[in-house]
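What the coordinates show
For reference, the chains in residue letters:
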Amino acid sequence: MKFLAALPVVVILALPTMAQDRATEEQLAAFKAALERLGCVVENEDRANQIHMETGFDEALLTQIVGQLMARGEIVLMSSDEGGIRLTSGRCQ
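The following refers to the structure shown. (Residues numbered from 1 in each chain as written. Predicted model: local features only at pLDDT ≥ 70, side-chain atom pairs only at ≥ 80, totals over all residues. Heavy atoms only, no water.)

Observations regarding the nonpolar core
Among the nonpolar cores identified, the biggest contains 20 residues, and F31, L35, I51, I65 and I75 are the most heavily contacted of them. Breaking this core down by element, the ones donating at least two residues are α2 (25-37), α3 (45-55), α4 (59-71) and β3 (85-87). Here the element with the most residues in this core is α4; it accounts for 5 residues. Contact partners of I51, with chain neighbours within four places excluded, come to F31, A34, L35, L38, V42, G56 and L62. (Core = buried A, V, L, I, M, F, W, Y, C linked by side-chain atoms within 4.5 Å. Buried < 20%, exposed > 50% of the residue type's maximum accessible area, 1.4 Å probe, protein only. Helix = DSSP H or I, 4+ residues; strand = E, 2+ residues; numbered from the N terminus. Contact = heavy atoms within 4.5 Å.)

Okay, here's the thing in structure tokens:
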């Protein structure tokens, strides 16, 4: 799964189309719940795969969800060497 490695580029490219292809509130909630169960951080491919397996969402939907949550300020990009994302809402505040 290339989800984590391509995340910053894909999110930037997806932002202009976000209004057309939006994840539902239920999908956003399922993603956030899965991320909370994993400690609020996705910092490597193993974690990205766990999110994929827990939610059952494909890579395109996961990328859309991350883009929407970034636009809301609920996810931030991490500045570690490997990159990654951190949920900043709900139990992850």
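From this point, things continue past the structure.
Some remarks on α2
Compared with an ideal rise of 1.5 Å per residue, which puts 13 residues at 18 Å, α2 spans 18 Å between its outermost C-alpha atoms and is within 8% of the ideal. Taken as a whole, α2 has its buried residues at L28, F31, K32, A34, L35 and E36. Those residues of α2 that are buried are in contact with β1 (41-42), α3, α4, β2 (75-77) and β3. Positioned one or two residues after α2, G39 has a phi angle of 90°, which is positive. (Expected span 1.5 Å × (residues − 1).)

So yeah, pure geometry; function would need other evidence.
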